[in-house]
Amino acid sequence: MSDQSETTDEPTDETSEDLLRDLSAVIEDRKENLPEGSYTTSLFTHEKGENRALEKLGEEATEFVLAAKDADEEELAHEGADIVYHMLVVLAMHDVDVDDLLDELRERR
Ligand SMILES: N=c1c2ncn([C@@H]3O[C@H](COP(=O)(O)OP(=O)(O)OP(=O)(O)O)[C@@H](O)[C@H]3O)c2ncn1[C@@H]1O[C@H](COP(=O)(O)O)[C@@H](O)[C@H]1O
């Protein structure tokens, strides 16, 4: 991945919705422009097609479960982020807007 920023404790006005929308916008950009050297591009252009992203999502979910079993909280956050990213890639592959997911969550409150 090219420009993932480090986690900081600094206050930010960015909401979690902004964060998800921004990440989705980057994924949409990769889908449209397929820049070389991008991990996201490698998922959109993989010879296995969508199955590669689905495989990765499954792997990350398994790693998340193992981290929970090990009570490894740092790893849980890491693997959880991997799941969210790969899930957004799969949503983009199906042209499902992240706002549909956010609306779904909002309606459940
Ligand atoms: N959020 C992510 C993100 N999360 C996970 N990954 C990649 O997903 C892969 C996970 O596979 P593995 O678990 O097998 O990888 P690993 O090498 O063992 O790494 P980790 O388990 O330690 O993550 C790694 O290559 C990660 O780099 C991500 N790649 C990209 N992004 C975002 O997408 C943006 C665009 O990235 P590029 O498409 O690379 O430009 C980045 O700026 C990020 O914001």
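Please refer to the structure higher up on the page.
On a predicted model such as this, the values are computed, not experimentally measured, just so you know.

Definitions and limits used
- Residues numbered from 1 in each chain as written.
- Predicted model: local features only at pLDDT ≥ 70, side-chain atom pairs only at ≥ 80, totals over all residues.
- Helix = DSSP H or I, 4+ residues; strand = E, 2+ residues; numbered from the N terminus.
- Buried ≥ 20, exposed ≤ 12 C-beta atoms within 10 Å, placed from the backbone.
- Contact = placed C-beta atoms within 7 Å.
- Core = buried A, V, L, I, M, F, W, Y, C linked by C-beta atoms within 7 Å.

### Describing the overall build of the protein chain
(1) Moving on: Helix and strand counts for the protein chain come out as five helices and zero strands.
(2) Moving on: Counting from the amino terminus, helix and strand elements in the protein chain follow one another as α-α-α-α-α.
(3) Moving on: Put simply, the protein chain has 109 residues, and 12% of those count as buried.
(4) Moving on: Summarising the internal contacts of the protein chain: among those between residues at least 6 apart in sequence, 52% fall at separations of at least 24.

### Some points on the nonpolar core
(1) Moving on: Ranked by size, the top nonpolar core spans eight residues in total: I27, L43, A53, Y85, L88, V89, A92 and V98.
(2) Moving on: With four residues, the single largest contributor to this core is helix α4 (residues 73-93).
(3) Moving on: Setting aside its immediate chain neighbours within four residues, I27 contacts T40, L88, V89 and A92.

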